[in-house]
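Residue strings, one per chain:
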Amino acid sequence: MIQLFHLFKNFGPSIALGDLNLRVHEGEFVFVTGPSGAGKTTLLRLIFGAEIPTSGHILINGVNLSRISRLKLDLLRRKIGFVFQDFKLLPKKTVFENVALALEVTGEHPSFIRKRTHRTLKLVGLAEKEKAYPLQLSGGEQQRVAIARAIVKDPLILLADEPTGNLDSDLTKDIMILFRSIHLKGTTVVIATHSRELLEDTAQRTVFLHNGRIVGKK
Amino acid sequence: MIQLFHLFKNFGPSIALGDLNLRVHEGEFVFVTGPSGAGKTTLLRLIFGAEIPTSGHILINGVNLSRISRLKLDLLRRKIGFVFQDFKLLPKKTVFENVALALEVTGEHPSFIRKRTHRTLKLVGLAEKEKAYPLQLSGGEQQRVAIARAIVKDPLILLADEPTGNLDSDLTKDIMILFRSIHLKGTTVVIATHSRELLEDTAQRTVFLHNGRIVGKK
Amino acid sequence: MRIRLLPYLFKQALNNILSNRVVHAIGLGTMVVSLLIFGTFLLLFVNLNAWVQGWGHSMSMSVYLNDDISAAQRAEITSFIGNLAEAEIKRFISKDAALRDLRSALGSQAGVLEGLSDNPLPASFEVTFTDMDDRGTDLKGIKQALQDMYGVEEVQYSEEWLHRFEGLMNIIKLVGFVIGGLLCLGILFIVTNTIKLTIYSRKEEIEILKLVGATDWFVKIPYLFEGMIQGILSGVFALVILYFGYFLISTKKMYFLGLAGLDFVFIPYQYTLLIILISVSLGLLGCFIAVGRFFDI
Amino acid sequence: MRIRLLPYLFKQALNNILSNRVVHAIGLGTMVVSLLIFGTFLLLFVNLNAWVQGWGHSMSMSVYLNDDISAAQRAEITSFIGNLAEAEIKRFISKDAALRDLRSALGSQAGVLEGLSDNPLPASFEVTFTDMDDRGTDLKGIKQALQDMYGVEEVQYSEEWLHRFEGLMNIIKLVGFVIGGLLCLGILFIVTNTIKLTIYSRKEEIEILKLVGATDWFVKIPYLFEGMIQGILSGVFALVILYFGYFLISTKKMYFLGLAGLDFVFIPYQYTLLIILISVSLGLLGCFIAVGRFFDI
Ligand SMILES: Nc1ncnc2c1ncn2[C@@H]1O[C@H](COP(=O)(O)OP(=O)(O)OP(=O)(O)O)[C@@H](O)[C@H]1O
Ligand SMILES: Nc1ncnc2c1ncn2[C@@H]1O[C@H](COP(=O)(O)OP(=O)(O)OP(=O)(O)O)[C@@H](O)[C@H]1O
Ligand SMILES: [Mg+2]
Ligand SMILES: [Mg+2]
């Protein structure tokens, strides 16, 4: 599903990722962890095509990202859900519109969009905040909107960057159950986190990053 | 130091805080916790004067915030350090400039500003990222810049809103040690968090919020 | 891009305008004022041209006739002049009238005419020319043709006056075209810049849309609609304000300015269409350029 | 606000301009073009006025003298006219010359003068008036004064011509002031709007500064400096470009346009100062208004 070969990523002189090799199979559930600045976000953004590697290759479903046209990349992104560490919500759109957007770009039918968006917002516990704007939400609520937007389209791949950093432990458990249920439906899930809570009570495959290199696996 | 009397805060119809009474003495170290949307951020923002209460009174050092002039409020804010949940860094300024800003607004001497800023950035482990811009930093690095900016001026009061949400547990410990050392120098510290990690290994006074009301104290 | 998305994208554009209403209002204001400047210039130029043209009407030609001219010859001359689209016979001056005129024209020098027994002056037609400049009237050719006709003694017109008049028209045209051209360029620049600025503050929005998997056109089209709407609105507003202004200073009021007798007309309707067209294309163009800048994600 | 913060705040302004350079460049462009439009208008208006004024120089007055005038009386008239600042004796026309002129003026009708034994025409001074309009010359008064002098038979000037000329000047002035006034307002609006837009995208920045404990002035002053710098730069750029444009179409080139003999001058230096002053105050004003909007945190 996701294959990374000898991936390097520099930002100017500083190296964010160095010689990274990783394979994530279809339907896998993988954690990426490591200290602050280890390169977790950079890794996820590379897989998403939001960043171009300095060298190395990324294959998604066998397609090489560096050989893909802009339009193809847009279409690929529709199959990937991404929970951004900084949420990236549109401040001028309501919670409902923000989540619906992920479906609207694919040209789905309005009634279908409405139904799905409602359901997903209910799943993350934000049914009552549908009409609010992102800046009127608490940090945790914003994070859940970002999660809802990522999962509303039943993505083939779910990339979640620190998805529970602003959530209390009860909500964290709920969200993890949500991720697991999506995973059970066949979605490949990659979660970047340094939350002990998430990592402790799981037997899932875990990749440890440090200074842009894989320093351990579980 | 901080006195809250019958504090209410509504956003339109929704109630963020309801009848909140709280006293924080000079030199105290208090945690505020509660689930997502409980009102932690709202509480801190009210204390900071960034939000106006619907009713009730806030006294800082015996001064009633609702009776204070704009200029006085500006001057008061210089004595309060605030770590915002969403960091609120200036994207067009470097890390160094962002932190130095907190001192520059007070009109300190440039050489003093330079020295202090360097030292504070070293304390949060960002000495090497001084010249970077916020958007070039990882989430955890941005959070530490926000912390550095809050503590650089040796504030009388430190308000930190979820200051370790993006930090791994080692860094979280470092930051907590930093906060404690500042506290030992006489600063009153109020930290909003739902991190179990922070709350577990502490005997500190803790206020539990739920739906805008205090539901427990420790 | 599926066509059935268009209504959705149009709705997006309307929503965007509403949620960025302050920025849009500022931008709209700038566009309206720019177009208004241009429109006012057009209005005044059109009228100034007409006025100066009208002022030049007094250009006239005298066709002196032989004393022994026959009625048929006279009729022939009349019909020749009548057939010239731009010429008109203003009056016929008989031999007596000519002497009277000369006497009054000489004023205190009229004494020179005292000793005359016989009236030596010829009768003449006074021919006036209208809209000369527009049709490129060949005065020399007309003079020649008339002079060659039977019964015509001489044809005269004031070349000096014509020269001066043409010089003035040249100056006014030059000034008009320089200002008009610069205004056009300037307004093009200002309007596209303004639209760029209104969109510039939404860089982040575009970035996020791209991250959610929107195709380029999905992002661009609402902006183009926005530009179009802004273009139409500003064009219409500018015209309405211009017409209102025109109405306030309409012909009647001009008496007070000592400009009685000048007709003050609104710009021809082709020009109003032109203004709308310009404003819409500027709106689209500005958006296109501005949005294009953000597509490197 | 401590004074010693000013250099720091000025440095902030420069940094801000650098880090928002695209937006600033767009805004600067708009301002330069707006001022350029205004400057071009001023330049052309100043020159057009001068040309039309010059064109009106041919306004002349004829002072007819008695045949029996004494040399002393003649000298008195000459000195009277010489003392009128705006008048100048263009030539003296003797009786003989007057007859010659009349003959050639009558052209084919000169036959009327054949039978004359005595020359009935008086000698005359032809007086021309310059800059009449500026000094509000009282032609009627002058005429009266001259007529009351010994040796003067009659004074004549073409009232019709004067009327027309004044009408033309009125039209040009009206058009000039309407366009000029609207341009002024328009540019004021455009420039302040543009600055508003450049600052609008920085709402967040202002909010953060306030949250860090900056006083209002600490936040505002760099913006005002920015506005001032933008104002100065755009004023200077506009003037340089205007001068360059002027240079390209300077007097020599005007021959090609059939406008030979017209002097093409640059706008007086007071106006250039005015343009700089306007642009700086617009810059400051725009910033002041725009920044003011964000101070409710
Ligand atoms: N756009 C950029 N320009 C320059 N340096 C960057 C950029 N993005 C990331 N970096 C650097 O690359 C390194 C890895 O960053 P990354 O965001 O991947 O870390 P992370 O593992 O997500 O950390 P965190 O847990 O704090 O979010 C960091 O040192 C960061 O400063
Ligand atoms: N500006 C606002 N307008 C409307 N509602 C708001 C606004 N700010 C906060 N709220 C609402 O008030 C409630 C309390 O928000 P607050 O940010 O204080 O929560 P919190 O305890 O900080 O939560 P979290 O842990 O998720 O950050 C939430 O339900 C939120 O949606
Ligand atoms: Mg990260
Ligand atoms: Mg919060």
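Since the structure is predicted, the reported quantities are computational estimates derived from the model, not experimental observations. Along every chain, residues carry numbers that run from 1 in the direction the sequence is written. Chains and ligands are labelled by the order in which they are written, letters from A for the one and numbers from 1 for the other. A pLDDT threshold of at least 70 governs which residues receive local features in this predicted model, and a stricter bar of 80 or more applies before side-chain atom pairs are shown or counted, although totals over entire chains, interfaces and linings include all residues. Only hydrogens and water are removed before side-chain values are computed, so all heavy atoms of the structure are retained for them.

Undergrad: Before we move on, can you summarise the sheet that holds strand β10 (residues 213-217) of chain B with the specific residues and values?
TA: Residues and elements named next belong to chain B. When DSSP locates at least two bridges between a pair of strands, those strands are taken to pair. Only runs of H or I of at least four residues qualify as helices and only runs of E of at least two qualify as strands under DSSP, and these elements are numbered from the N terminus. Strands sit in the order β6-β7-β8-β3-β9-β10 across an open sheet of 6 strands; the sheet is mixed. Both edges of this open sheet fall to β6 (80-83) and β10, since each of them pairs with a single strand only. Along the sheet, successive strands turn relative to each other by an average axial angle of 20 degrees, direction set aside. Where β6 meets strand β7 (residues 157-161), 4 bridges bridge the pair, whose relative direction is parallel. Within β7, the residue paired with valine 83 across the bridge is alanine 160. In this analysis, two residues are considered to be in contact whenever any of their non-hydrogen atoms come within 4.5 Å of each other. Here, axes are lines fitted to C-alpha atoms. For helices the fit covers the stretch in contact, and angles between N-to-C directions go from 0 to 180 degrees. Relative to β7, helix α1 (residues 40-48) is tilted by about 150 degrees, and along the sheet it contacts β3 (29-33), β6, β7, β8 (188-192) and β9 (205-210).

Undergrad: Account for the coordination of the magnesium ion (ligand 3), with residues named and values stated.
TA: Residues and elements named next belong to chain A. Coordination of the magnesium ion (ligand 3) by the protein involves Thr41 (OG1) and Gln85 (OE1), with metal-donor separations of 1.9 to 2.2 Å. With threonine 41 in helix α1 (residues 40-48) and glutamine 85 in the loop between β6 (80-83) and α3 (95-104), the pair connects residues that are 44 residues apart, well separated along the chain. Residue exposure (1.4 Å probe, protein chains only): buried if accessible area is under 20% of the type maximum, exposed if over 50%, otherwise partly exposed. The class for threonine 41 is partly exposed, based on a relative accessible area of 23%. Metal-coordinating donors are taken as N, O and S atoms lying within 2.8 Å of the metal, or within 3.2 Å when the metal is Na, K or Ca; because water is left out, some sites can appear incomplete.

Undergrad: With reference to specific residues and values, describe the relation of the copies chain A and chain B.
TA: Of the transformation placing chain A onto chain B, the axial shift is 0.0 Å and the rotation is 180 degrees, giving an RMSD of 0.0 Å. Taken together, the rotation and translation relating the two chain copies correspond to the operation of a two-fold axis. Ranked by how close their C-alpha atoms come to the rotation axis, the residues of chain A are headed by Gly165(A), at 2.4 Å. Of the interface residues in chain A, 95% have counterparts in chain B that sit at the interface too, so the contact is made through matching surfaces. We place the copies in one frame by least squares, fitting the C-alpha atoms of every residue whose pLDDT is at least 70 in both.

Undergrad: Kindly report on the confidence of the model for chain C, identifying the contributing residues and their values.
TA: Residues and elements named next belong to chain C. Each residue carries a pLDDT score, the predictor's own confidence in it, on a scale running from 0 to 100. Averaged over all residues, the pLDDT of chain C is 78; the fraction at 70 or higher stands at 81%. Per-element mean pLDDT across chain C ranges from 52 in helix α5 (residues 132-135) up to 90 in helix α9 (residues 216-248). For this predicted complex, the interface confidence reaches an ipTM of 0.82, while the overall pTM sits at 0.81.

Undergrad: Describe the side chain of Asp161(A), listing the residues and the values that go with them.
TA: Residues and elements named next belong to chain A. The topology assignment puts aspartate 161 in strand β7 (residues 157-161). Within the buried set, aspartate 161 has no salt-bridge partner at all; the shortest N-O distance to an opposite charge, 6.6 Å, is to lysine 40. For the purposes of these results, a polar contact is taken to be a pair of N or O atoms within 3.5 Å, where, inside protein, one atom must be able to donate a hydrogen and its partner to accept one; residues adjacent in sequence count only when each atom of the pair is a side-chain atom. Here the side chain of aspartate 161 touches threonine 41 through a polar contact of 2.8 Å, side chain to side chain. Residue contacts for aspartate 161: discarding those within four places in its chain leaves Thr41, Leu44, Phe82, Val83, Phe84, Gln85 and Ala192. Only four residue types enter the charge count: Lys and Arg as positive, Asp and Glu as negative, with His and the chain ends excluded. In the sections that follow, a salt bridge refers to a side-chain nitrogen of Lys or Arg positioned within 4 Å of a carboxyl oxygen of Asp or Glu.

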